[in-house]
Protein chains: 2
Amino acid sequence: MATRIPTRPAGARRTGQDRDDSHKLTAVGGLAALSLDALSSVAYGPEAVVIALTAAGAAAVRLTLPISIAIALLLIVLVVSYRQVIAVHPDGGGAYAVAKTSLGQRTSLLAAASLVVDYVLTVAVSLAAGAASLASVFPSLADHLLAVALVGLLVLTLLNLVGIAESARALMLPTAVFVVAILATIVVGLVRHDPVAVVGHDLGPIEPTEALGIVLVLKAFAAGCSALTGVEAIANGVPAFRAPAVKRAQRTELALGVLLGVMLVGLAVAIKIHHIVPRGDVTVLAQLSAGAFGTGWPFYVTNLAVTLVLAFAANTSFGGLPVLMSLLARDNRLPHLFGLRAERPVFRYGVSALALLSAVLLLVVGADTNQLLPLFAIGVFIGFTISQVGLVRHWRQTRSAGWRGRAALNATGAVLTALAAVVFMASKFTEGAWALLVIIPVLIAGFDRVENYYADVGRQLGLGELPPRPASPGRQPAVVVVPVLDVSRRTALALSTAQRLGSSVHAVAVGIDPSATKSLCGQWRTWDPGIELTVLPSPHRTLVAPIVGYVQTLIGDGHDVTVLLSEVEPRHRRHELLHNQRGMVLAAALRSRTDAVVATVPFRLE
Amino acid sequence: MATRIPTRPAGARRTGQDRDDSHKLTAVGGLAALSLDALSSVAYGPEAVVIALTAAGAAAVRLTLPISIAIALLLIVLVVSYRQVIAVHPDGGGAYAVAKTSLGQRTSLLAAASLVVDYVLTVAVSLAAGAASLASVFPSLADHLLAVALVGLLVLTLLNLVGIAESARALMLPTAVFVVAILATIVVGLVRHDPVAVVGHDLGPIEPTEALGIVLVLKAFAAGCSALTGVEAIANGVPAFRAPAVKRAQRTELALGVLLGVMLVGLAVAIKIHHIVPRGDVTVLAQLSAGAFGTGWPFYVTNLAVTLVLAFAANTSFGGLPVLMSLLARDNRLPHLFGLRAERPVFRYGVSALALLSAVLLLVVGADTNQLLPLFAIGVFIGFTISQVGLVRHWRQTRSAGWRGRAALNATGAVLTALAAVVFMASKFTEGAWALLVIIPVLIAGFDRVENYYADVGRQLGLGELPPRPASPGRQPAVVVVPVLDVSRRTALALSTAQRLGSSVHAVAVGIDPSATKSLCGQWRTWDPGIELTVLPSPHRTLVAPIVGYVQTLIGDGHDVTVLLSEVEPRHRRHELLHNQRGMVLAAALRSRTDAVVATVPFRLE
């Protein structure tokens, strides 16, 4: 038999497909939708370096610049390597896709688990950090950080339920303001040299508690690497871009790298020139912007943009997690449901689930960034390391022109990111990083169980082998059973539909209430639709059991049985609770207890 | 056309119907399952009288006995009248059924709303009171009342998910112990005359704050009437009894009345003889049992039985509310879903919903009985009044032998219960009773809206008029569309089923992933099932839109279309999340956007 592949969609009417393209991302939109996580991390990365270094006294802060330059070099390695990831894995999935192709089963599951953890943590961390940043501008909010973070989550969730492109559009303006404000802070700060205003409380002379050695420098480097979280999100979300998706995604990754690198090094220079040290109640970034602009409106604009962008950085997850989950579902490692990412109801479940998990996380830790940040960074750097190692393996296998140079670059990146992950894990183990040693193995075991289950189902379905040719119908006539509740247009529709589905139609009513049954029988006789009505007794007033029993008897007699239910389709979704539950309960019972075909015909209300 | 009514169930195989009788109640089981609310109220009714009277000083407590006798007389009126309600309304529903028959639409909705409120409040009040009573035996629990109440709710919910008869069985022993312990407390207390032990802190001399006048006596009477809550539950739940249900329910009501009356008057006599006044930390009942038995094991057994029975009194609601809701659903005042009370999944939703509402209520008021008791009693007494007024109307209409005497009895009862309701409402208005003036009208408006909606749907369905005779099939051949995901036994089953449902079978696959599509087409050619496979292009990688478009085109061409999906039926319910979501999403889209029949055939896993 030939296989027919139409060149045009068989459906002549448009079914909303054309709209889908507008839901996808341009390069600029991608920067807003998928890179806010990375861009916004300049608000806490340099600060983390400064705080780590002050353990060796205020003078040690001068090391911020060389450390930031090292981080920027690592950023270059990461950006180059993720542009390669995008080209090699245009279906997205980032570290997961790389590991699956080049590093095998186990490693890919580790990558997937750490990515899932990070997406959820991104939402919580970013919203918590955004709330904290807002409170440093409006001190009266300091007591309501959790509420602020939850309100932000609600806004984000609503934006994403509308669709990712719309949300990207909503995020473009704050992103632009943020980038301009940070660059202005750097430039104006460097030009003015002496701070215009100093904000926050002086914490007094900073006493060194640790010697300035290699361990401390490593700690500061690892802490600063939290500024690099998020550079993988674009590679994970390639299919969210408009065609040509690979080109657009690579361009977005490059733009992100340039912006982030310039901001990181620029802020480090400004920190050095202005002799910034930690001060109570305000962030390093707030000190820098006050130093550049004073405490007038540019100070407020800058810090509000930081807040907004920090909060909206959470959006990265809403873009990336559904893509990752659909890849896992296609590999039989998550319920197949998640493979239907493009369908609106499924997409909405995903958005709601992510929002719920993040809300729980925020409630548990009380919107405290410090508890979440180490877990977050460790997961990200596991992903970085896996990606780089995978690419090294990829280059060695393909041996295309110039592979040695690329492999050396990725190997360097792998060593650096692995180092950062290990330093993070060791220094934050008792502060929550231990939880990753529980969560990640549990996730991996879950992926494993799902995969084994689907493999077993696949054997039973006979996947990979040719099934017997479709069986011919049984010798007994095919029967269509129509449960009847009333004499109405809906029943008339069901009966006429039943007549074309089978050779024999059985209308059955269940005698729950004697007087109602008597009246139904009377109406039926008057109507006389040409089909006999059988009343099934129901001594215990249940609707389901008599019909299931009747169908089982027919099947036992060798009939092919279809049960046809008419479903009322209300015009408004809110009325759905008022309809069809009898049908649903009946259909569920028939499916679990009989082999009958269960069919529904819609009766549409106006 | 003749209507065939088989004398035996048409289903030859047993379908679990026979089991249903064991789920119903005997008279003794009914006392445990539906009367704990009433019986347990002796633990707070007399106490409420004593506390109300001490406003006029310690000496006023002597009035407890005459007030209790008046309450017992009201109890006799209520028991007689509810035995009549049971006979006149064997379908249950209590005040709602009476009002619907004799008092019209508006009054029946008021009755229904107050009954719904009371069922939910019963659960919360009883569990809170039980927790408080337990804490008066084990003072260390006093700080964890809410947790104790929630644990009790969890246990009850689990018992009820198993089934009402099982839960009645579990409740019989504590009920028996409770009745014996209260009667023993009374008898031993009267014999010993002088208290064996005194528990609780002396609160010092009780200063009168109010004159001992008619208002105070009325307040004390109303407060004591809280001992009568629950006597209506049996009449509401008649269908839960085994046949002959009316006889059994009447016998249960009588037994309840006798037990409750004896306990109330007996406790009042003991209170008088032992000169009981409120003492800190312990209940009146705890004082009486310590006075009778000392503080050894009989004291603990008595108070633990009180606690257990108070907590399990909540069970009354799990028995009664589903019956009431099914009656409302049959009258089109609640979604029809609730009419399927006898079906296990529906019953389970009801139990879970009631548990959830009660848990929320407990969390909101922090397990504080005093906040809930007035709302509770007002609702109950509105129901009492409606029942009595309805019966007066009923006797006047039927004018059967001796109707004047019955009507006079019910009229007296109506005046007394209305009085109690008004006194409650006036004295507790600012303490929470105002909430009823919000909740009850909202519920009534809700019932109204549902009823109007169903009336509109009924018009569209043509209920009450004869619909046109079933239409004959269209002129174009009937088409069965089978969406294909893979070449497997499941697909083979779907194709063979499709061949008997329509004259023409269209197998369609959606081309989401080019390589997967190519491989599917190759397998299809090798398999060669005798049916052509059409591949629908999907530029936006969605599964649903191409199939919906294809079906719309076929329908536009005048075909009758059935879409047949094969559903995997897993052996364990926990695996359901892993299956059929693609089918569900597709079926939902087809139902809302096309007029196709949607059919499913089960593929059963081992």
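Because the structure is predicted, anything quoted here is derived from the model rather than measured. (Residues numbered from 1 in each chain as written. Chains lettered and ligands numbered in written order. Predicted model: local features only at pLDDT ≥ 70, side-chain atom pairs only at ≥ 80, totals over all residues. Heavy atoms only, no water.)

1. Let's talk about the relation of the copies chain B and chain A
Turning chain B through 180° and shifting it by 0.0 Å along the axis lays it on chain A, with an RMSD of 0.0 Å. The two molecules are tied by a two-fold rotation axis, judged by turn and shift. Across chain B, the rotation axis passes nearest the C-alpha of Ala599(B), at a separation of 1.9 Å. Interface overlap between copies: 100% of the residues of chain B at the interface are likewise at the interface in chain A, consistent with a symmetric, same-surface contact. (Least-squares fit on C-alpha atoms with pLDDT ≥ 70 in both. Contact = heavy atoms within 4.5 Å.)

2. Details of the nonpolar core
Formed by 134 residues in total, the largest nonpolar core has its most connected members in Phe178(B), Leu228(B) and Phe381(B). The dominant element in this core, judged by the number of residues it contributes, is helix H6 (residues 105–137) of chain B, at 17 residues. Sequence-distant contacts of Leu228(B), that is, excluding residues within four places in its chain, are made with Ser41(B), Ile71(B), Leu74(B), Leu75(B), Leu78(B), Leu264(B), Phe381(B) and Phe384(B). Counting 133 residues, the second largest nonpolar core, distinct from the first, contains Ala314(A), Phe347(A), Val365(A) and Ile444(A). (Core = buried A, V, L, I, M, F, W, Y, C linked by side-chain atoms within 4.5 Å. Buried < 20%, exposed > 50% of the residue type's maximum accessible area, 1.4 Å probe, protein only. Helix = DSSP H or I, 4+ residues; strand = E, 2+ residues; numbered from the N terminus.)

3. Regarding unusual backbone geometry
With an omega dihedral of -5°, the bond running from Ala243(A) to Pro244(A) counts as a cis peptide bond. Secondary-structure assignment places Pro244(A) in the loop between helix H10 (233–236) and helix H11 (245–273). Of note in the backbone geometry, Arg399(B) takes a positive phi value of approximately 50° without being a glycine. Within the secondary structure layout, Arg399(B) lies in the loop between helix H16 (369–398) and helix H17 (403–428). With a phi angle near 55°, Asp528(B) is a residue other than glycine that sits in the positive phi range. Position of Asp528(B) relative to the elements: it lies in the loop between helix H20 (514–527) and strand E4 (533–537). Asp528(B) gets classed as partly exposed once you look at its relative accessible area, which sits at 28%.

4. Some points on the pairing of strand E3 (residues 504–511) of chain B
Residues and elements named next belong to chain B. Burial of E3 is extensive: six of the eight residues sit out of reach of the surface. Note that strand E2 (residues 479–483) and E3 share five bridges and pair parallel. Looking across to E3, one finds that Val481 is bridged to His506. This β-α-β element, E2 to helix H19 (residues 489–501) to E3, shows right-handed connectivity. Pairing between E3 and E4: five bridges, direction parallel. Within E4, the position partnered with Val508 by the bridge is Thr534. You can see the chain leave E3, run along H20 and come back into E4, and the turn it takes is right-handed. (Pairing = 2+ DSSP bridges. Right-handed = clockwise from strand over helix to strand, strands pointing away.)

5. Observations concerning helix H3 (residues 45–53) of chain A
All names here are of chain A. With respect to burial, H3 is a largely interior element, eight of its nine residues being buried. Among the residues making up H3, those that are buried are Gly45, Pro46, Glu47, Ala48, Val49, Val50, Ala52 and Leu53. Of the surrounding elements, those touching the buried residues of H3 are helix H4 (64–88), helix H9 (214–224), H11 and helix H12 (284–293).

6. Here we look at the confidence of the model for chain A
Residues and elements named next belong to chain A. The predicted model of chain A has a mean per-residue pLDDT of 83, with 93% of residues at 70 or higher. Confidence over residues 1–19 falls short of pLDDT 50; this stretch has 39 contacts with residues more than four positions distant or in other chains. We note a pTM of 0.69 for the whole complex and an ipTM of 0.70 for its interfaces. (pLDDT = per-residue confidence, 0-100.)

7. Quick notes on the environment of Leu146(B)
In this structure, Leu146(B) sits in helix H7 (residues 145–162). Counting along the chain gives 221 residues from Leu146(B) to Ala367(B), while the straight-line C-alpha distance between them is 5.1 Å.

8. Observations concerning the packing of aromatic side chains
Residue and element names in this part refer to chain A. Scanning all chains against the criterion turns up twelve aromatic pairs over all chains. Ring centres of Phe381 and Phe384 lie 5.0 Å apart, and the angle between their planes is 75°; this geometry places the pair in the edge-to-face category. Remark: Phe384 and Phe381 occur in helix H16 (residues 369–398); sequence separation between them is three residues, near one turn of the helix. With respect to burial, Phe381 and Phe384 carry one shared label: buried. Three or more aromatic residues joined by ring pairs form one cluster here, namely Tyr82, Phe381 and Phe384. Directly above the ring of Trp395 sits Arg406, whose terminal nitrogen or CZ lies 4.9 Å from the centroid. (Phe/Tyr/Trp six-rings, centres within 6.5 Å; stacked < 30°, edge-to-face > 60°. Lys NZ or Arg CZ within 6 Å of the ring centre and 35° of its normal.)

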